[in-house]
Amino acid sequence: MDLAALLDRIADDVATDIGRGVVADYIPALARVEPGRFGMAVAEVDGAVHGVGDWERPFSVQSMSKVFTLALTLSRGDGVWARVGREPSGDPFNSLVQLEHEDGIPRNPFINAGALVVTDELARHGDAADALLAFLRQESGRQEITVDPEVAASEAGHADRNRALAYFMASYGNMRHPVPSVLDQYVRQCSIAMSCADVARSALFLARHGLRNDGSRLLGLSAAKRINAVMLTCGTYDAAGEFAYRVGLPGKSGVGGGILAIVPGRCAVCVWSPGLDARGNSVAGVAALDRFTTLTGWSIF
Ligand code: DON
């Protein structure tokens, strides 16, 4: 498979989708991104990386970070599963509605409520965002990866929904640390800026059944399988069914316009284009991954 040629073809095929959708504006700094951007990178399990378009340009990873915090948390044990479920929510990523019915236990680790719990769990071992940065720098080989201070400040200034989620869970006893501290770590983790190439390389442990780029083991086979499974069922929120139908891979989106997808045993793919659909997933990103699995046949089904 000539992946470089394939990516060129995909970029052509989705050209009319680039710029469609709406750039996230509930975090004001994200609204300043140019909607016409598009990049895509594929990192193969042997370490080769191919890309097209803006594949080396950093953007705000936002909720794609939730995959990595979950992985770091599970690398230290699976106690977090007593505090968060593994079912798709069918509701928007920042919804409050299920939390009261379900006694402050979020449906899954990828909606905001669940990710706040995961960050709180990882924070038992030190600052969660710092741990995440160290991991991402090591896996991507790029020490320059950092938190975008403008996005972090903007997000911290518009975090009332996340604050409400965290305090609500605290009222059920499902927060170990003070809410302001958890929120600060969560906001910084979401505000990390990385390119498609960085994200794809950093996520290869999920394509290698738990093995990091240096060959050491981050996760056991079972934990790696479980993260992929939860990405498939919950990674694109209330559009997870449609994403599985169109793409057929474990995937995780972010409101910065990025989507990470995993082909177990083969590669990690990251695509970025800032225009989002009504459920917060990149329009051109989903279209590109749809083309990717159609052209390669590399879906998990
Ligand atoms: O907490 C938030 O709302 C954002 N930092 C992340 C949300 C997000 O990326 C949802 N993904 N599509």
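Being a predicted model, the structure only gives us computed values, none of them experimental. (Residues numbered from 1 in each chain as written. Predicted model: local features only at pLDDT ≥ 70, side-chain atom pairs only at ≥ 80, totals over all residues. Heavy atoms only, no water.)

With that settled, the discussion passes to the packing of helix α1 (residues 3-13) against helix α13 (residues 283-296). Two elements in contact, α1 and α13, have axes separated by 10 Å at closest approach and are oriented at 135 degrees. With respect to α13, the element α1 is oriented oblique. As for how α1 packs across α13, the hand of that crossing is right-handed. Residues L3, L6, R9, I10 and D13 of α1 form the contact with α13, whose own contacting residues are A288, R291, F292, L295 and T296. (Axes fitted to C-alpha atoms, helices over the stretch in contact; angles between N-to-C directions. Helix = DSSP H or I, 4+ residues; strand = E, 2+ residues; numbered from the N terminus. Parallel < 35°, antiparallel > 145°, perpendicular 65-115°, else oblique. Left-handed = near helix turned anticlockwise from the far one by under 90°. Contact = heavy atoms within 4.5 Å.)

Below, the discussion takes up the UniProt feature "binding site: substrate" (unreviewed entry) in the protein. Within this numbering scheme, the UniProt entry marks S63, N112, E155, N162, Y186, Y237 and V255 as carrying the feature "binding site: substrate" (unreviewed entry). Turning to its location among the elements, N112 is positioned in helix α4 (residues 112-122). The class of N112 is buried, set by a relative accessible area of 3%. Of the polar contacts made by the side chain of N112, one reaches the side chain of K66; its length is 2.5 Å. Along the chain, the position of N162 falls in helix α7 (residues 160-171). The class of N162 is buried, set by a relative accessible area of 10%. Not counting residues within four places of it along the chain, the set of residues in contact with N162 comprises N112, L116, L183 and Y186. (UniProt positions renumbered as here; feature names shortened; annotations may be inferred. Buried < 20%, exposed > 50% of the residue type's maximum accessible area, 1.4 Å probe, protein only. Polar contact = N/O pair within 3.5 Å; in protein donor to acceptor, adjacent residues only side chain to side chain.)

A few words now on the site of the ligand. As a structural note, the neighbourhood of the ligand is formed by 14 residues, with Y26, Q62, S63, E155 and Y186 the closest of them. Take Y186: an N or O atom from its side chain is 2.6 Å from an oxygen atom of the ligand. Relative to its unbound accessible surface of 340 Å², the ligand loses 99% to contact with the protein. Residues of the shell around the ligand, tallied by class, amount to 6 nonpolar, 7 polar and 1 charged. (Near = heavy atom within 4 Å. Areas by Shrake-Rupley, 256 points an atom, 1.4 Å probe, with all protein chains shown as cover. Nonpolar A, V, L, I, M, F, W, Y, C, P; charged D, E, K, R; others polar.)

In spatial order, the strands read β3-β5-β4; together these 3 strands make up an open sheet with antiparallel pairing. For this open sheet the edge positions go to β3 (59-60) and β4 (146-147), each flanked by a neighbour on one side alone. Sheet contacts for helix α5 (residues 128-140): β4 and β5 (192-194); angle to β5, the most-contacted strand, approximately 10 degrees. (Pairing = 2+ DSSP bridges.)

Here we take up the sheet that holds strand β8 (residues 267-272). The antiparallel open sheet is built from 5 strands, whose spatial order is β2-β1-β8-β7-β6. Each edge of the sheet is formed by a strand with only one pairing partner; in this case those strands are β2 (49-53) and β6 (251-253). The mean inter-strand angle of the sheet, taken between neighbouring strand axes irrespective of direction, is 10 degrees. Pairing of strand β1 (residues 39-44) with β8 involves 6 bridges; the strand directions are antiparallel. Looking across to β8, one finds that G39 is bridged to W272. Across the sheet, α1 touches β1 and β2, and the angle it forms with β2 is around 25 degrees.

A word on the side chain of N174. Its location among the elements puts N174 in the loop between α7 and α8 (179-190). Exposure remark for N174: the relative accessible area of 4% places this residue in the buried category. Residues contacting N174, with those up to four places away along its chain left out, are R83, G104, I105, P106, V117, D120 and M169.

So, about the pattern of salt bridges. Here the structure, examined in full by the defined rule, presents 20 salt bridges. In this structure, the salt-bridge partner of R246 is D290, at a minimum N-O distance of 3.0 Å. Of this pair, R246 sits in helix α12 (residues 240-246) while D290 sits in helix α13, and the two are 44 residues apart along the sequence. The exposure class assigned to R246 is partly exposed, which follows from its relative accessible area of 32%. The buried category is assigned to D290, whose relative accessible area is 19%. One connected set of salt bridges, linked through shared partners, spans R83, D120, E121, R124 and R176. (Salt bridge = Lys/Arg side-chain N within 4 Å of Asp/Glu carboxyl O.)

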